[in-house]
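Each chain, written out:
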Amino acid sequence: MHTELVSEPGDSSCPNEDFASVGLPASGQGGSLVVLDGVTPPRSATGCLHSVPWFTARLGGALTELTVSLPDVPLAEALSRAISRTAAAHAGTCDLSHPRTPQATVAVARWSGDAVEYLVLSDCALLLQAPDGTVTPVLDDRLARLPRALLASDAIVDTRVRNKEGGFFTAAADPAVAERAVTGSLPRDRVRALAGLSDGAARWAEVFREGDWTDLFTLVRDEGARALVRRVRERERADRDSRTFLGRSKTHDDATVVFARL
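**Details of the overall build of the chain**
When helices and strands are counted, the chain shows six helices and ten strands. Counting only C-alpha atoms and orienting by the principal axes, one finds that the chain spans roughly 45 × 45 × 35 Å. The buried share of the chain, taken over its 262 residues, is 50%. Partitioning the intrachain contacts of the chain with sequence separation of at least 6 by distance along the chain shows that 68% fall at a separation of at least 24.

Listed below in structure tokens is the structure:
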């Protein structure tokens with residue numbers, strides 16, 4: 001097995017709000033990867049004393065531990081338990097009902113000798129490569145399908161679509177949101193390699209249209225995860241002034257890639 005992990009902040013003066021891990025059980029059988037993309041809040045109050053990196057570190061740490069230590073627990077249940085554990089860590093000091101309480105988007109994969117399980121919530125991405133080279137993206141596209149009018153301001157997003165029926169869902173303080181994730185599994189022999197991406201890394205394909213998902217996966221496989229992040233930064237810098245590619249709130253975003261060849 002070969003794994004590679006790269007996570008780079010969009011701005012070196014600000015903390016990286018992404019989280020990434022690879023978990024390998026002591027038995028040496030199977031493993032898991034976790035990618036969280038922390039949601040940067042507006043400058044207004046969030047009801048929480050803690051930062052997004054605080055939240056993603058705890059949620060990601062709990063999710064990594066649970067996916068490895070409880071291999072028979074479905075990934076949605078593992079995410080639910082991780083959310084509950086993280087919420088309990090600051091329920092006594094923070095308003096967890098606030099729409100901007102710290103939250104994250106999620107991509108998780110877990111493999112054993114028999115199966116590869118997956119879970120995606122909101123705009124992280126998971127790419128699965130079959131033995132014949134076919135790359136299948138696992139995406140939760142509810143946010144992308146929303147009318148732009150519903151994303152026109154933070155107030156509209158928070159009152160009408162964030163963690164609401166007919167909108168999109170992120171991992172925040174409600175463990176029930178785990179049931180909203182895109183989940184599934186494949187026989188182990190149908191997956192040769194996989195990659196988890198935060199949306200900052202997925203920009204190469206989704207925003208800048210430098211290639212499709214197969215092209216992106218091939219770039220990571222052949223040149224490495226850091227090569228993808230470097231290409232994203234090049235396109236961000238080139239587009240800094242012209243803003244040809246609209247719809248991105250930040251010039252540079254945190255970018256995370258986890259690659260595993262099984």
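**A word on the sheet that holds strand S4 (residues 104–111)**
One open sheet holds the five strands; their spatial order is S2-S3-S4-S5-S8, and the pairing between them is antiparallel. Only two strands of the sheet have a single partner each, and these edge strands are strand S2 (18–23) and strand S8 (182–187). Sheet twist, expressed as the average angle between the axes of neighbouring strands with direction ignored, equals 5 degrees. Two elements, strand S3 (residues 31–38) and S4, share eight bridges in a ladder whose sense is antiparallel. When the sheet's bridge partners are listed, serine 32 is paired in S4 with arginine 110. In the packing of helix H2 (residues 75–90) onto the sheet, the strands contacted are S4 and strand S5 (115–121), and the crossing angle to S5 comes to about 45 degrees.

What counts, and where the lines are drawn
- Residues numbered from 1 in each chain as written.
- Predicted model: local features only at pLDDT ≥ 70, side-chain atom pairs only at ≥ 80, totals over all residues.
- Heavy atoms only, no water.
- Helix = DSSP H or I, 4+ residues; strand = E, 2+ residues; numbered from the N terminus.
- Buried < 20%, exposed > 50% of the residue type's maximum accessible area, 1.4 Å probe, protein only.
- Contact = heavy atoms within 4.5 Å.
- Pairing = 2+ DSSP bridges.
- Axes fitted to C-alpha atoms, helices over the stretch in contact; angles between N-to-C directions.

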